[in-house]
Amino acid sequence: MLYNGILAFINHNITPLSMTHVAASEGLILASAIIYILHKGIYETDLPAFLFLLFTLVVTIYVSVLNRMPFVDHFRNVLIIFCFSGLGGWSKERTMKLAFRWASLTVLIFLIFEIISVPFYVSIVHPSDYFANTRGLLPLSYNTTGLFQNALGFPERFSFGIIDHRSSSIFLEQVSLANFCGVIAIYLISMWERLGRWDRLLFVGTAVLILVTNDTRTMLIFCFACIVGYFVFPKIPRNFNLALMPLIVAAGFVVYTLKPNATGDNFTGRINLTMKKIMELDPLAVLGLSVDRVAEFADSGYVYLIYAATIFGVVALWLFVCLFPAGRTAAQRRCAHSLSLFIFLNMMIGGTAVFSMKIAGLLWFVVGYMRFHDSPRIRQGRAADVLS
């Protein structure tokens, strides 16, 4: 979660970096996770994640061969899911709590820096320079703040008016901070009964401060849904999640039908954008023959996924998100339902942010932990590892 912030500090205060350094950092993190997981062994209960990764590799080779160009974006996304759900599955409760405690505390500290003094915050990480050097996103002429330009917002956008931009904290950009708030919500309703008073205060306080400074409508809705879901989700069978994605897409069509001319950076405008792109879908893209156009759909998760992974990859992700989380206990069902709502709602109004390692790492870490926390793997009999 912190690697971009650390790289940004190095880029601004020590030496300029490039995209190569970012890729190398991600590669090192994922390689370390893979080595650890393979050292522990792949057990029968790990096979769903392992087979999902293997299927995605086959799809990646298929898409790359058909398009005569290497395209590994979707495989990287699924590799992050595999690695961090695997690490979560081996995590002890103390490790899980410590990881979230330090993550939330770091985000809170940098968020307070940003709220109190933007110049001081910029002097530490300088988001604008970092994205210019590592992503080629040069700041616009009017952006003299040092912040990432997309965090500046605009007058008509929904806002609580507490600060004059959308907060970013250690993530350097506003979307990941908003989604981190969603991850905190999933963690809270999954672990609430196991958390102490101070942890609850830290996580709730961090989430509230993000909501009132980041101007995120989607996560505001999601957090209210999680509050209700704490009481409702345990009563809903886990397999109901299979209907959630089709229901969200169907609701999107209803919104588009009622307000076909809605545009702009608002809830209905973003939904309409996704619906229009779905209806304009290139038939060849369904079979993975138009991967060269994938960059056009960075703001429409469902369409991006079809272009990047074919319809078969979309189905595989849908099944994995719905069926991988455990549903035996009330806490596990809270985790499972909130995960599906978080992923499928985000894909309707956003793009690929939920697959970013900054967010997906902690998200799938808690999902993996919740899958095994009341039924740990044992090294005997038929429960022994299939691959080691």
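Not measured: the values here are computed from a predicted model.

Let us now look at the nonpolar core. Core analysis: the biggest nonpolar cluster contains 104 residues, and F180, F342, I343, F344 and W364 have the highest contact counts within it. No other element matches helix α8 (residues 174–191), which puts 12 residues into this core. Once residues within four sequence positions are removed from consideration, F344 is found in contact with N241, L244, M245, I248, Y302, W318, V321 and C322. V291, V294, V303 and Y307 belong to the second largest nonpolar core, which has 11 residues in total.

Here we take up unusual backbone geometry. Positive phi outside glycine occurs at R68, with the angle close to 55°. Mapping R68 onto the fold places it in the loop between α3 (47–67) and α4 (73–90). For R68, a relative accessible area of 79% translates into the label exposed. Located in the positive-phi region is H126, a residue other than glycine, with phi close to 40°. On the secondary structure map, H126 appears in the loop between α6 (118–125) and α7 (127–135).

Bringing the UniProt feature "transmembrane region" (unreviewed entry) in the protein into the picture now. Per the UniProt record, "transmembrane region" (unreviewed entry) is found at residues 20–38, 50–68, 102–122, 170–189, 201–233, 239–258, 301–327 and 339–367. For residues 339–367, helix accounts for 76% and strand for 0%, while the C-alpha atoms at its two ends are 8 Å apart.

All right, on to the packing of aromatic side chains then. Aromatic ring pairs are defined here through the distance separating the ring centres and the angle between the ring planes. The final tally for this structure, using the stated rule, is 14 aromatic pairs. On the basis of an interplanar angle of 45° and a centroid distance of 5.4 Å, the ring pair of F171 and F180 is categorised as tilted. By relative accessible area, F171 is classed as buried at 0%. Overall, the relative accessible area of 1% leaves F180 in the buried class. When the ring of Y187 is compared with that of F203, the centres are 5.2 Å apart and the planes differ by 80°; the resulting orientation is edge-to-face.

Looking at the secondary structure, you find H165 in the loop between α7 and α8. If we skip the residues at most four places from it in the chain, H165 touches E114, V118, L147, A151, L152, T213 and D215.

Here the structure, examined in full by the defined rule, presents six salt bridges. One salt bridge connects R101 with D199, and the closest N-O pair in it is separated by 2.9 Å. Placement of the pair is R101 in helix α5 (residues 93–116) and D199 in helix α9 (residues 197–214), with a sequence separation of 98 residues. Judged by relative accessible area, D199 falls into the buried class, the value being 10%.

Quick look at α6 now. Among all positions of α6, only Y121, V122, I124 and V125 are buried. One face of α6 carries all of its buried residues, which in axial projection span an arc of 160°. Looking at the buried positions of α6, the neighbouring elements they touch are α1 (3–13), α5 and α7. For α6, the side-chain oxygen to backbone nitrogen distance between the N-cap and F120 is 3.2 Å, and the N-cap itself is S117. With its phi angle positive at about 40°, H126 sits one or two positions after the end of α6.

Scoring rules and cut-offs
- Residues numbered from 1 in each chain as written.
- Predicted model: local features only at pLDDT ≥ 70, side-chain atom pairs only at ≥ 80, totals over all residues.
- Heavy atoms only, no water.
- Core = buried A, V, L, I, M, F, W, Y, C linked by side-chain atoms within 4.5 Å.
- Buried < 20%, exposed > 50% of the residue type's maximum accessible area, 1.4 Å probe, protein only.
- Helix = DSSP H or I, 4+ residues; strand = E, 2+ residues; numbered from the N terminus.
- Contact = heavy atoms within 4.5 Å.
- UniProt positions renumbered as here; feature names shortened; annotations may be inferred.
- Phe/Tyr/Trp six-rings, centres within 6.5 Å; stacked < 30°, edge-to-face > 60°.
- Salt bridge = Lys/Arg side-chain N within 4 Å of Asp/Glu carboxyl O.
- Arc of directions from axis to C-beta.
- Polar contact = N/O pair within 3.5 Å; in protein donor to acceptor, adjacent residues only side chain to side chain.

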